[in-house]
Amino acid sequence: MALTFTDLIEVDLGKLATAVSDWKKAVDGLKMSTESARTGMQAKSDSARWAGVNATVTREFVAKTAKEVSDLHAEANSIYQVLDDGHTQLVALQKRMRAAVGDDASKLGIRVEDIGDGKVRCFFPHVRGDTDERTQEQLDARQELENRINGILAEAAEVDGSVARALAKSHGNDRHNAGHSTYGSLNDAEVERAVELARKGDKMSDAELRELNVLLRYNSKEDDGEFATGFYKGLGGPEKALQFYAAMSIDGTSGDATKTRLDAVQDLQKVMGYTLANATNSHHAHHLPDDWGAQFRRLGTQQIGWERGQWNKPYGYQVLGGLLRYGNYDSKFLNPIAEHITQLHKKDPYFFLSNKPAGNPDSYGFNPSGKLGTGNDPLNSVLESLGHSPEAAQKFFTEPPTAYNEDGTEKKGDPGFKSYLDLFTDKDFEWTVDTNATNVLADEDKSKAALNFGPEALGHALEAATTGRPYDSDATADAIKHSGPQAQLVHDIVDKFGESPDLIRHNENGDLDGEETGPLYGLRGSLGDITAEYMGDFQRAMYQEDPSSDLFPTFGTAADLDPNHAARFLGEVGQDPDAYSAITTAQQAYTTDVVDHVINGSSHSTASLDGRVGDAVAPGSAIAGIMSDARAHAIYHYHTASDTGFNEAAADKQKWVNRILGMGIEKVGERVPIAGAPLEWASEDIQESIMKSIEQDTSNEAETEAGDEYTQGRTAALDSARAAVDHALAKNNTVDPDTADDLRRAARTSAGHSHSDGAQWKSESSKN
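What you are looking at is a predicted structure, and each value in this text was computed from that prediction instead of being measured. (Residues numbered from 1 in each chain as written. Predicted model: local features only at pLDDT ≥ 70, side-chain atom pairs only at ≥ 80, totals over all residues. Heavy atoms only, no water.)

## Notes on the packing of aromatic side chains
Reasoning step 1: Using the criterion set out here, one finds 18 aromatic pairs in the structure.
Reasoning step 2: Consider the rings of F396 and Y420, whose centres lie 4.2 Å apart with planes at 15°: the pair is stacked. Taken together, the positions of F396 in helix α14 (residues 390-398) and Y420 in helix α15 (residues 420-424) put the pair 24 residues apart, joining distant regions of the chain.
Reasoning step 3: Ring geometry for F424 versus F429: centroids 5.2 Å apart, planes at 75°, classification edge-to-face.
Reasoning step 4: For F424, a relative accessible area of 1% puts it in the buried group.
Reasoning step 5: For F429, a relative accessible area of 9% translates into the label buried. (Phe/Tyr/Trp six-rings, centres within 6.5 Å; stacked < 30°, edge-to-face > 60°. Helix = DSSP H or I, 4+ residues; strand = E, 2+ residues; numbered from the N terminus. Buried < 20%, exposed > 50% of the residue type's maximum accessible area, 1.4 Å probe, protein only.)

Right under this line is the structure:
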């Protein structure tokens, strides 16, 4: 019977605390008895001169009694340790549950209903006179709360089940004989059960596989790595771990696998990845030996089999790649593997793909998630791993590369290139089609989509390297100051694509090796996110702001972007709807913050306030002009998107408003996080203003063909500048109406001129 919401929130854990205390007393008492039996009865028995029957029967009885007392102590200690750990964890979970229900649900006006089977439903109760209409933000908050509460319940159920199972094994169900399974902690019992299930391999039932997934999910989060390390050691080493995962992956993705099995195997891929990341983290108190990394590299180019007489055997890296896609990995473990795989791919792009079995369904491979390829090309997998491992990604792209032999051992000398950014942006670097889609070579659309899997994964890795966050992080209050290496990497990225936009350009006439798009066309969405993160640097570049100026502060170390490269970079990247919306959202949020700083902050400037406001909106408006031109080209020149696509892409960019505002502005020339929530006075209003301007930013085909200025985009830029001033004035009651009008006028005028500048820069750069 599943642990219910009511069980957890109402149970009196004080009784369990009393039981823990009682068992502790029993353990202490039995410890004394054990010591007494050993030094007293047992010692005297061993030294006595027994004769006759006493030499056998009595001596054996004394020895057996002493052992039983010792076994009772071991059993009691095992029960105590399990109960103590279980009590500690359940208390913490109950506290989290009560906070979620008593505080969060109450603040949101949400009711929590116990629907049984370990699940709850969260809903907004009807109030008389209420329309029951909810904003998307309210609906998202409700769903987040429901997921969180159900997650707490699931974790509590796992703890409850593990405690019960460990107690049963400790007791052994034998009233007359102590000395069964003993555990030093609840963690020991959970590791034992997880390994026990894993050793069944693909013979696990669906229920057993779900149980294994639950054990891995809630225990792989431990900061000390004890469970994760114990689990992987329990599998029997690197090769055994790969064999287990390979067997499970194929079992869950085979043609006759049920949807239930596929879902469970997809879950296993994630939780085994998280667990491996935890187990290989050298900063944890418990972690796998360093030679596990070397063994994985050695196995990377060796074929791995798990069944007798197996014909098709994958290479180790094809299997390992599926696990690496999930988890934040220690650079000490991940980077040698990433470098080795990349160098193998450079030497022979088809080394791994030539080993792919033919004639299998789309889902075959060691990446059950199905995202960005089957996993048969481990390069895509390891780039995704870097995308989830920010520290490792930064080092991978900013530190000198190390050369590796085919067996994964280090090689003297350099690998033949200066950096991995240079390698991946080389026009001769060959990306592969990692898919099992049928007729892929005959289907041009499928082939193009698959060729973008690698570049898209590269974009994810660059995002993590430059932002300090996993690329798919939705957190809005996770601002991390840009370090010197990160800022330099952004500088290098903008120079690369600013000098060679053909790498990411849509080529209308197929002027790049006969292709309609550049080889790295698929990473434009990530380049848009990087631009949004470094919006202060891009605004500085527009009109070559003095590095000592505090009007357009950067967030940490400045990237010192070249203005011409930045403009060309923005013009190409902005043709992607996701990139356009991220850049536009961040630009308007940043500009709003700068204008607020000008109007409401302290300043020793002798320049007029309206002049300073005009200067404040100029760079952002120039970027808006570049974006307007890029959007029009994507829609009318290249037919790669629609106005609807651009508008829809903007709907989920609220995180950029919160991130930009959350960075704050300081006069010292850098942006620093603001304590607590981002500027709530502005966040929702700014997002609404941004959506309105994005929907306005349209043009028609005739205007585009004629090269005319995009009137609606210009209007949107003017409205955005005015809105930025309005937001700042809303906090200031010292500005008289006439001055306020002057400030709005100055902002609109500057925005109009700068928008035209940006559109002109983009049009000119697209001809080059």
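## A short note on the pattern of salt bridges
Reasoning step 1: Tallied over the full model, the rule gives 25 salt bridges.
Reasoning step 2: The partner of R148 in a salt bridge is D104, with the nearest N and O atoms 2.9 Å apart. Separated by 44 residues along the polypeptide, R148 in helix α4 (residues 136-171) and D104 in helix α3 (residues 57-108) bring together distant segments of the chain.
Reasoning step 3: Residue classification places R148 among the partly exposed residues on the basis of a relative accessible area of 30%.
Reasoning step 4: By relative accessible area, D104 is classed as partly exposed at 25%. (Salt bridge = Lys/Arg side-chain N within 4 Å of Asp/Glu carboxyl O.)

## Notes on the environment of Y534
Reasoning step 1: Examined against the element boundaries, Y534 turns out to sit in the loop between α19 (524-533) and α20 (535-542).
Reasoning step 2: Given a relative accessible area of 0%, Y534 falls into the buried group.
Reasoning step 3: Spatially, the C-alpha atom of Y534 lies 8.8 Å from that of A558, the residues being 24 residues apart in sequence.
Reasoning step 4: Excluding its chain neighbours within four sequence positions, the residues that come into contact with Y534 are T466, H482, Q486, A487, V490 and A559. (Contact = heavy atoms within 4.5 Å.)

## Quick notes on the packing of helix α16 (residues 444-451) against helix α17 (residues 453-467)
Reasoning step 1: Closest axis-to-axis distance for the α16/α17 pair is 4 Å, and the angle between their directions is 25°. It follows from the interaxial angle that α16 and α17 lie roughly parallel. Contacts between α16 and α17 involve A449, A450 and L451 from the former and F453, G454 and P455 from the latter.
Reasoning step 2: Among the residues forming the contact of α16 with α17, the class breakdown is five nonpolar, one polar and no charged. (Axes fitted to C-alpha atoms, helices over the stretch in contact; angles between N-to-C directions. Parallel < 35°, antiparallel > 145°, perpendicular 65-115°, else oblique. Nonpolar A, V, L, I, M, F, W, Y, C, P; charged D, E, K, R; others polar.)

## Overview of the side chain of H633
Reasoning step 1: In this structure, H633 sits in helix α23 (residues 609-637).
Reasoning step 2: Since its relative accessible area comes to 8%, H633 is described here as buried.

## Describing the nonpolar core
Reasoning step 1: Residues L212, F231, Y232, F397 and F424 are the most contacted members of the largest nonpolar core, which totals 142 residues.
Reasoning step 2: Top element by residues in this core is helix α22 (residues 577-600). It accounts for 11 residues.
Reasoning step 3: Excluding residues that lie within four positions of it along the chain, F231 makes contacts with V191, A194, V195, A198, L212, L216 and T275.
Reasoning step 4: If you look at the next biggest cluster of nonpolar residues, it comprises 31 residues, including I79, L93, A156 and V159. (Core = buried A, V, L, I, M, F, W, Y, C linked by side-chain atoms within 4.5 Å.)

## Describing the side chain of R612
Reasoning step 1: Examined against the element boundaries, R612 turns out to sit in helix α23.
Reasoning step 2: We note that R612 is buried and unpaired, the nearest opposite charge coming from D550 at a distance of 6.3 Å.
Reasoning step 3: With near-sequence residues (within four places) excluded, R612 lies in contact with V598, S603, S605 and A607. (Lys, Arg positive; Asp, Glu negative; His and termini not counted.)

## Things to note about the environment of R631
Reasoning step 1: Structurally, R631 can be placed in helix α23.
Reasoning step 2: For R631, a relative accessible area of 1% translates into the label buried.
Reasoning step 3: Sequence separation between R631 and V573 is 58 residues; the distance between their C-alpha atoms is 10.0 Å.
Reasoning step 4: Excluding residues that lie within four positions of it along the chain, R631 makes contacts with G574, Y580, D643, F646, N647, I694, D697 and T698.
Reasoning step 5: At a separation of 3.1 Å, a polar atom in the side chain of R631 contacts the side chain of Y580. (Polar contact = N/O pair within 3.5 Å; in protein donor to acceptor, adjacent residues only side chain to side chain.)

## Quick word on α17
Reasoning step 1: In this model α17 runs 21 Å from its N-terminal to its C-terminal C-alpha over 15 residues, within 8% of the 21 Å that 1.5 Å per residue would give.
Reasoning step 2: Among the 15 residues of α17, 13 are classified as buried, and the element is accordingly described as predominantly covered. (Expected span 1.5 Å × (residues − 1).)

## Let's talk about the pairing of strand β2 (residues 119-123)
Reasoning step 1: As paired strands, strand β1 (residues 111-116) and β2 are joined by five bridges and run antiparallel to one another. Looking at β2, one finds that E113 is bridged to R121. (Pairing = 2+ DSSP bridges.)

## A few points about the confidence of the model for the chain
Reasoning step 1: The predicted model of the chain has a mean per-residue pLDDT of 82, with 81% of residues at 70 or higher.
Reasoning step 2: The secondary-structure element of the chain with the lowest mean pLDDT is helix α27 (residues 701-706), recorded at 55, while α14 shows the highest, at 98.
Reasoning step 3: Taken as a whole, residues 665-681 scores under 50 in pLDDT and shows 50 contacts with residues more than four places along the chain or in a different chain. (pLDDT = per-residue confidence, 0-100.)

## Digging into helix α10 (residues 291-300)
Reasoning step 1: Along α10, the residues classified as buried are W292, G293, F296, R297, L299 and G300. With its buried residues spanning 165° around the axis, α10 presents them on a single face.
Reasoning step 2: Looking at the buried residues of α10, the elements they touch are α7 (226-235), α8 (238-253), α9 (259-279), α11 (316-324) and α12 (331-347). (Arc of directions from axis to C-beta.)

## Some words on the packing of α9 against α11
Reasoning step 1: At a minimum axis separation of 7 Å, α9 and α11 run at an interaxial angle of 90°. With respect to each other, α9 and α11 are oriented roughly perpendicular. Every residue of α11 that contacts α9 at Q269, M272, G273 and L276 is listed here: L320, G322, L323 and L324.
Reasoning step 2: Of the residues assigned to the contact of α9 with α11, the class counts are five nonpolar, three polar and no charged.

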